[in-house]
Amino acid sequence: METRCGPALVDPGMHYAPSLLALLRALRLLGIDPGELAYVAATHFHVDHLTAAAVLREALGVKVLVPRGDLAEVLRYEGGVEGFIRDTLELFTRHGMPQDEAKEILGYHPALRAADAYEVIAKEAEPLAPGEPLPCTDYQAIPAPGHTPGHLIYTQGPGKPALVGDTLLPGITPHVTLHHEDTNPLGDYMETLKRLEKLAPTPALPGHRKPISSGAARARELLLHHEERLQEVLGILKQLGKATAYDVARLVKWRTRYDSWNQYPLPERFFAMGETLSHLRLLEERGLAEKMEENGVVKWRPT
Ligand SMILES: [Zn+2]
């Protein structure tokens, strides 16, 4: 179906009343009647970027465009996003996260409380593929996997503005986790950063916080951060000899306001675990670490 031209939204936010109210008010401030929206597009499937699209779809019939990779690999995953998160937590427990922690995380995880919204989007959304334009604009989708498998960014070309979603964020590092052992999301993410360094979006318009004046400089900083983190994770592995990802995660010097692992709330542990696993997986890919299974628990050691 042809897309009608008109105002469009990228990453409308969360299907949460205060967030929706703020969005509708902002549109009106810009003189846009929400009923005029031609389409809503997303950079990736995360709950805080995409789920408001379900409400806009149901209320206004607006067309929803979702990156092809995230639509196929996550939203239409067996059991939907909930199944995807459950399988990720099962992976985390195989890598040493205590069962009761994983169970509690399932209870709080915002994506699981968005099942209705994701159901609408999985059914109604149309895929947007790398190389395609955002309809009626001169922004083109380019692949930017890592933060999610199918993440896309939308760019006007080298040195020009780009909507970078959660690939580049100012002041904080985008989260990179592991969902399946046969993937290498941090490797993918570092390739994405190299691509962004070349593309040099000016400015880079991120999914959180303020615009980044030099996308290339931020991409370089993030590449350096992950090389340093890889060295840190390898150093901990050498110190422990053989350890689960969970044991490694406890020793990484995360930038957080908590003094010790025991004080970390469960969401922080969930993020720390995912980050550690994505770094271990890339160390494995580089031939610097290997894993083995002992009584159903996966342990890592330096090679
Ligand atoms: Zn995100």
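Please refer to the structure higher up on the page.
To keep things clear, this report deals only with the structure shown in the data block. This structure is a prediction, so every number in the text was calculated from the model and none was measured.

What counts and how
Residues numbered from 1 in each chain as written. Predicted model: local features only at pLDDT ≥ 70, side-chain atom pairs only at ≥ 80, totals over all residues. Heavy atoms only, no water. Salt bridge = Lys/Arg side-chain N within 4 Å of Asp/Glu carboxyl O. Helix = DSSP H or I, 4+ residues; strand = E, 2+ residues; numbered from the N terminus. Buried < 20%, exposed > 50% of the residue type's maximum accessible area, 1.4 Å probe, protein only. Disulfide = S-S within 2.5 Å. Donors = N, O, S within 2.8 Å, 3.2 Å for Na, K, Ca; no water. Tetrahedral: all angles 85-135°; square planar, octahedral: opposite > 155°, others 65-115°. Pairing = 2+ DSSP bridges. Axes fitted to C-alpha atoms, helices over the stretch in contact; angles between N-to-C directions. Parallel < 35°, antiparallel > 145°, perpendicular 65-115°, else oblique. Contact = heavy atoms within 4.5 Å. Nonpolar A, V, L, I, M, F, W, Y, C, P; charged D, E, K, R; others polar.

## Side note on the pattern of salt bridges
Now for step 1: Enumeration according to the criterion identifies 18 salt bridges in this entry.
Now for step 2: Its salt-bridge partner being E126, residue K63 comes within 3.1 Å of it at the nearest N-O pair. On the criterion of sequence distance, the pair formed by K63 in strand β3 (residues 63-67) and E126 in strand β4 (residues 126-128) is long-range, its members being 63 residues apart.
Now for step 3: Assessed through its relative accessible area of 8%, K63 is described here as buried.
Now for step 4: Overall, E126 belongs to the partly exposed group, its relative accessible area being 29%.
Now for step 5: Between E181 and R94 there is a salt bridge; the shortest N-O distance is 2.9 Å. With a gap of 87 residues between them, E181 in the loop between β7 (162-165) and α8 (185-199) and R94 in helix α5 (residues 80-94) connect regions that are remote in the sequence.
Now for step 6: Owing to a relative accessible area of 25%, R94 belongs among the partly exposed residues under this scheme.
Now for step 7: Taken together, the shared-partner salt bridges in this structure form one network comprising R281, E284, E285 and K291.

## Some words on the state of the cysteines
Now for step 1: Scanning the entire structure with this criterion turns up 1 disulfide.
Now for step 2: At a sulfur-sulfur separation of 1.9 Å, the disulfide partner of C5 is C136. Linking C5 and C136, the disulfide has an S-S dihedral of approximately -85 degrees and is accordingly described as left-handed. Of this pair, C5 sits in the segment before β1 (8-10) while C136 sits in the loop between β4 and β5 (140-143); the two residues are 131 residues apart in sequence, bridging distant segments of the chain.
Now for step 3: Take C5: its relative accessible area is 51%, and that puts it in the exposed class.
Now for step 4: What makes C136 partly exposed here is its relative accessible area of 44%.

## Examining the coordination of the zinc ion
Now for step 1: Listed as protein donors to the zinc ion are H44 (NE2), H46 (ND1), H147 (NE2) and D166 (OD); their distances from the metal cover 2.1 to 2.3 Å.
Now for step 2: Taken together, the 4 donor atoms coordinating the zinc ion and their angles of 89 to 172 degrees define a geometry best described as irregular.
Now for step 3: Going along the chain, you hit the donors of the zinc ion in the pattern H-x1-H-x100-H-x18-D. Here H44 is found in the loop between β2 (39-41) and α2 (47-50), whereas its partner H147 is found in the loop between β5 and β6 (152-155), with 103 residues between them in sequence. The two residues H44 and H147 agree in class, both being buried.

## Considerations on the sheet that holds β1
Now for step 1: Across the sheet, 4 strands lie side by side as β1-β2-β3-β4; this open sheet has parallel pairing. This sheet does not close on itself; its edge strands, each paired only once, are β1 and β4. Sheet twist, expressed as the average angle between the axes of neighbouring strands with direction ignored, equals 25 degrees.
Now for step 2: With 3 bridges joining them, β3 and β4 adopt parallel strand pairing. Considered in β4, the bridge of V66 is made with P127.

## Observations concerning the packing of helix α9 (residues 215-240) against helix α11 (residues 266-285)
Now for step 1: Contact geometry for α9 and α11: axes closest at 10 Å, N-to-C directions at 85 degrees. Here α11 runs roughly perpendicular to α9, going by the angle between their axes. Contacts between α9 and α11 involve H226, R229, L230, V233, L234 and L237 from the former and E275, H279, L280, L282 and L283 from the latter.
Now for step 2: Split into classes, the residues belonging to the contact of α9 with α11 amount to 7 nonpolar, 2 polar and 2 charged.

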